[in-house]
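Okay, here's what each chain looks like letter by letter:
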Amino acid sequence: MDDWIEIERDERHIRRERAKARELRRTPYFQEKFRQGICYYCKRKFPEEELTLDHIVPVARGGRSTRGNLVICCRACNQAKKYLTPAEMLLRELAPDNQPETTDPETPEN
């Protein structure tokens, strides 16, 4: 699925938004979120040092560094998400190669 996503990177936008994200990371709101230690995506608990700040709509895709677009997540979820939007993440989950194997009702199980 990832091969059809075309991204036109605006390096100035990316630098500006990442700088804003670093500032927001130091705010009491995000400091508390890091202390709570819950990954936004997988909902598991992690130590603060294993968490990252992620843009829900990626900066490379035009996302902004605002409180509503930033979430705390574990490194594994952040790396799995990459540059995908929430809709693309859902599509990835629904992809045929991501579905559990089922038995064919036409085929006998003997």
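All of these numbers come straight from a predicted model, not from anything done at the bench. (Residues numbered from 1 in each chain as written. Predicted model: local features only at pLDDT ≥ 70, side-chain atom pairs only at ≥ 80, totals over all residues. Heavy atoms only, no water.)

Looking at the largest pocket, its volume works out to about 370 Å³. Every residue lining the largest pocket is counted, 15 residues in all, and those nearest its centre are R18, L53, D54, H55 and V59. Put simply, the parts of the chain that give the lining of the largest pocket at least two residues each are helix 1 (11-25) and strand 1 (51-55). No other element matches the four residues that helix 1 contributes to the lining of the largest pocket. A per-class count over the lining of the largest pocket returns seven nonpolar, two polar and six charged. Volume-wise, the second largest pocket comes out at about 170 Å³. (1 Å grid on protein atoms, 1.4 Å probe; cavity = no way out; pocket = protein on both sides within 12 Å on 5 of 7 lines; lining within 4 Å. Points joined across faces, edges and corners; volume = space filled by probe spheres on them. Helix = DSSP H or I, 4+ residues; strand = E, 2+ residues; numbered from the N terminus. Nonpolar A, V, L, I, M, F, W, Y, C, P; charged D, E, K, R; others polar.)

Moving on, we get to the nonpolar core. Most often, soluble globular proteins have nonpolar side chains that are buried together. Counting twelve residues, the largest nonpolar core consists of A21, F30, F34, C39, F46, L51, L53, L70, I72, C73, C74 and C77. Where this core is concerned, the elements lending two or more residues are helix 2 (28-36), strand 1 and strand 2 (70-74). No other element matches strand 2, which puts four residues into this core. When near neighbours in sequence (up to four residues on either side) are disregarded, C74 contacts C39, C42, F46, E50, L51 and T52. (Core = buried A, V, L, I, M, F, W, Y, C linked by side-chain atoms within 4.5 Å. Buried < 20%, exposed > 50% of the residue type's maximum accessible area, 1.4 Å probe, protein only. Contact = heavy atoms within 4.5 Å.)

Before going further, it helps to spend a moment on the side chain of N69. Within the element layout of this structure, N69 appears in the loop between strand 1 and strand 2. Within polar-contact distance, the side chain of N69 engages the backbone nitrogen of V57 at 2.8 Å. Here N69 is in contact with D54, H55, I56, V57, G63 and R64, once residues within four sequence places are set aside. (Polar contact = N/O pair within 3.5 Å; in protein donor to acceptor, adjacent residues only side chain to side chain.)

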